[in-house]
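Chain by chain, the residues run as shown.
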Amino acid sequence: AQTVTQSQPEMSVQEAETVTLSCTYDTSENNYYLFWYKQPPSRQMILVIRQEAYKQQNATENRFSVNFQKAAKSFSLKISDSQLGDTAMYFCAFMKHPYGQNFVFGPGTRLSVLP
Amino acid sequence: DTAVSQTPKYLVTQMGNDKSIKCEQNLGHDTMYWYKQDSKKFLKIMFSYNNKELIINETVPNRFSPKSPDKAHLNLHINSLELGDSAVYFCASSQELAGGLQDLTQYFGPGTRLLVL
């Protein structure tokens, strides 16, 4: 069974600074997808970024980028130029093909962006 | 023009009651899901439906019964509610691309906070 670990229950960062959230996972699969979801106080789950395991290039989405290390089974999220609106719970998630089977979330990291 | 909507947003009820949560998506997706997020924020998949057919049924008590009248709807009915059912329930949907490749990006609804007293 797949497991996803986020070792940082809580983090804080000053506005405009950069922060990195860590995520590791365990799987015997070769093809899979990894995601970072954000859950602000509104509780809505919002997709931040995704990475296909077969792609070596790290995904980037504006101020958000990942460091995907397949051999190490590591998938960290870097947030540059942090903004107050980035304050949220961040969930790392793993999904195997197809149909959402083994869609597994990590326990989450609560990020606070401080003014 | 909400992509994935859930009703109600809040649900407070007594133990032993039966309740339903509705979910609708207007994205044209063919796969829908129900997740449960407990008080510790742990998010776990409960059910997955593809084209109205059950694909995933995790170890969820049979008091929980999903119903998909069509591709755009996946409702969750809960019988004989228990205190431990208190949680936030999220509906989500995703789309299978042409050729059999799954986009696999799931779009979540706003959640339904259920409180069982």
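Refer to the preceding data block for the structure.
Keep in mind the model is a prediction, meaning the values are calculated, not measured. (Residues numbered from 1 in each chain as written. Chains lettered and ligands numbered in written order. Predicted model: local features only at pLDDT ≥ 70, side-chain atom pairs only at ≥ 80, totals over all residues. Heavy atoms only, no water.)

**A short note on the overall build of chain B**
Line of reasoning, step 1. From N to C terminus, chain B includes zero helices and eleven strands.
Line of reasoning, step 2. Radius of gyration (C-alpha) of chain B: 14 Å, near the 13 Å computed for a compact globule of 117 residues.
Line of reasoning, step 3. When the backbone C-alpha atoms are referred to their principal axes, chain B occupies close to 45 × 30 × 30 Å.
Line of reasoning, step 4. Counting only residues that meet the buried cut, chain B has 46% of its 117 residues in that class.
Line of reasoning, step 5. Pairs at least 24 residues apart make up 55% of the contacts formed inside chain B by residues separated by at least 6 positions.
Line of reasoning, step 6. A total accessible area of about 5,700 Å² is found for chain B, and carbon and sulfur atoms account for 51% of it.
Line of reasoning, step 7. Considering chain B, the positive charge centre built from 12 side chains and the negative charge centre built from 12 side chains are found 8 Å apart. (Helix = DSSP H or I, 4+ residues; strand = E, 2+ residues; numbered from the N terminus. Rg over C-alpha atoms; globule rule 2.2 N^0.38 Å. Buried < 20%, exposed > 50% of the residue type's maximum accessible area, 1.4 Å probe, protein only. Contact = heavy atoms within 4.5 Å. Areas by Shrake-Rupley, 256 points an atom, 1.4 Å probe, with all protein chains shown as cover. Lys, Arg positive; Asp, Glu negative; His and termini not counted. Charge placed at Lys NZ, Arg CZ, Asp CG, Glu CD.)

**Some words on the state of the cysteines**
Line of reasoning, step 1. Taken as a whole, this structure holds two disulfides over all chains when the rule is applied.
Line of reasoning, step 2. Disulfide partner of Cys23 of chain A: Cys92 of chain A, at an S-S distance of 2.0 Å. One disulfide, between Cys23 of chain A and Cys92 of chain A, carries an S-S torsion of -70° and so falls in the left-handed class. Placement of the pair is Cys23 of chain A in the loop between strand 3 (19–21) and strand 4 (24–26) and Cys92 of chain A in strand 10 (residues 88–96), with a sequence separation of 69 residues.
Line of reasoning, step 3. Residue Cys92 of chain A is classed as buried on the basis of its relative accessible area, which comes to 1%.
Line of reasoning, step 4. For Cys23 of chain B, the disulfide goes to Cys91 of chain B, at an S-S distance of 1.8 Å. Between Cys23 of chain B and Cys91 of chain B, the disulfide has an S-S torsion of -75° and is therefore left-handed. Pair noted here: Cys23 of chain B is in strand 3 (residues 19–25) and Cys91 of chain B is in strand 9 (residues 87–94), with a separation of 68 residues, a long-range link.
Line of reasoning, step 5. For Cys91 of chain B, a relative accessible area of 0% puts it in the buried group. (Disulfide = S-S within 2.5 Å.)

**Quick look at the nonpolar core**
Line of reasoning, step 1. In terms of nonpolar packing, the biggest core is built from 25 residues, with Tyr25, Trp36, Phe75, Leu77 and Tyr90 of chain A touching the most fellow members.
Line of reasoning, step 2. Where this core is concerned, the elements lending two or more residues are strand 3, strand 5 (32–39), strand 6 (46–52), strand 8 (64–69), strand 9 (74–79), strand 10 and strand 12 (109–114) of chain A.
Line of reasoning, step 3. At four residues, the largest contribution of residues to this core is made by strand 10 of chain A.
Line of reasoning, step 4. Core analysis: the second largest hydrophobic core is formed by 20 residues, Ile21, Tyr49, Leu74 and Leu114 of chain B among them. (Core = buried A, V, L, I, M, F, W, Y, C linked by side-chain atoms within 4.5 Å.)

**A look at the interface of chain B and chain A**
Line of reasoning, step 1. On the side of chain A, 21 residues touch chain B, which itself brings 28 residues to the contact.
Line of reasoning, step 2. Surface buried jointly by chain B and chain A totals about 2,100 Å² across both partners, of which 56% is contributed by carbon and sulfur atoms.
Line of reasoning, step 3. Where chain B meets chain A, there are three residue pairs in polar contact (both at pLDDT 80 or more).
Line of reasoning, step 4. Contributions of two or more residues to the side of chain B that touches chain A are made by strand 4 (31–37), strand 5 (43–50), strand 6 (53–57), strand 9 and strand 11 (112–116) of chain B. (Buried area = accessible area lost by both parts, 1.4 Å probe. Polar contact = N/O pair within 3.5 Å; in protein donor to acceptor, adjacent residues only side chain to side chain.)

Just distances and angles here, no functional claims.
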